[in-house]
Amino acid sequence: MRLFLLFFIVVTVFAFESMVQEKVVTLEAKLFPKIVKIDLNYKKKLIDGKILMALVYDTKKNEKLAEIFKKAIENSNDSEIEIMLLPLDKISKNFTAYVLFLNPYNVKHFLKKEQNDKLVFAYDSFLLSKGAMISLDIGEKVKPIINIHALKRSGIKINPLFVKLSKVYSDEY
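Residues numbered from 1 in each chain as written. Predicted model: local features only at pLDDT ≥ 70, side-chain atom pairs only at ≥ 80, totals over all residues. Heavy atoms only, no water.

(A) Expanded view of helix 3 (residues 104-113). Turning to helix 3, its buried residues number three or more, namely Asn106, Val107 and Phe110. Projected down its long axis, helix 3 shows its buried positions confined to an angular sector of 115°, all on one face. Opposite the buried face of helix 3, by more than 90 degrees, sit the exposed residues Tyr105, Lys108 and Lys112. (Buried < 20%, exposed > 50% of the residue type's maximum accessible area, 1.4 Å probe, protein only. Helix = DSSP H or I, 4+ residues; strand = E, 2+ residues; numbered from the N terminus. Arc of directions from axis to C-beta.)

(B) How the structure looks around the packing of aromatic side chains. Enumeration according to the criterion identifies six aromatic pairs in this entry. Here the aromatic rings of phenylalanine 32 and phenylalanine 69 are separated by 6.2 Å at their centres, their planes lie at 35°, and the arrangement is tilted. Here phenylalanine 32, found in helix 1 (residues 2-35), pairs with phenylalanine 69, found in helix 2 (residues 60-76); they are 37 residues apart in sequence, far enough to count as distant. Measuring from centroid to centroid gives 4.5 Å for phenylalanine 32 and phenylalanine 121, while their planes differ by 25°, and the two rings are stacked. Pair noted here: phenylalanine 32 is in helix 1 and phenylalanine 121 is in strand 4 (residues 119-122), with a separation of 89 residues, a long-range link. The burial state of phenylalanine 32 is the same as that of phenylalanine 121; both residues are buried. (Phe/Tyr/Trp six-rings, centres within 6.5 Å; stacked < 30°, edge-to-face > 60°.)

(C) A look at the pairing of strand 2 (residues 81-87). In this sheet, strand 2 lies alongside strand 1 (residues 51-57) in parallel orientation, the contact comprising seven bridges. The partner of leucine 55 across the bridge, within strand 2, is leucine 85. Handedness of the crossover is the feature at issue here: the chain leaves strand 1, passes through helix 2, returns alongside strand 2, and the resulting connection is right-handed. (Pairing = 2+ DSSP bridges. Right-handed = clockwise from strand over helix to strand, strands pointing away.)

(D) Seen up close, the side chain of serine 135. Following the sequence through the fold, serine 135 ends up in strand 5 (residues 134-138). What makes serine 135 buried here is its relative accessible area of 0%. Within the local environment of serine 135, its side chain forms a polar contact with the backbone nitrogen of serine 125, the two atoms lying 3.4 Å apart. When residues no more than four places from it in sequence are discounted, the contact partners of serine 135 are Phe32, Ala122, Tyr123, Asp124, Ser125, Leu128, Lys143, Pro144 and Ile145. (Polar contact = N/O pair within 3.5 Å; in protein donor to acceptor, adjacent residues only side chain to side chain. Contact = heavy atoms within 4.5 Å.)

Have a look at this one:
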């Protein structure tokens, strides 16, 4: 009986975690493409007049999350955005922005390969500590979190109003 109860609890926790991750990714898919426009030079980074976002992943689990993100964008029918799934080992520099679906130890590997003048979003706000630039704080309210140091290092100039509306990442976060 105890074994059955333990099994039931484990299955329930994993199912709940998966459902929450799906909801988070769907919300990010609605907001991240709009946040690209806080880059004061984003129009110079458009590819054929579109926001081209690379969803960079490193595992099957993260690939599934990236696919959920892509599907949410496709369902929005926003013709200004084009999405491409990209395994970590196939990184290219021809994108307007990147969304990272990576394990923390792979973020620095990504940042070494990629130009630093593009916005780098993170599905998981923990990746801000590894050098990602923008994520979301999802609680009672949804607020962007920005890593000011990463943005400054990249040379990206962002809309000052966005900084005022956002939480600023710090090591204590």
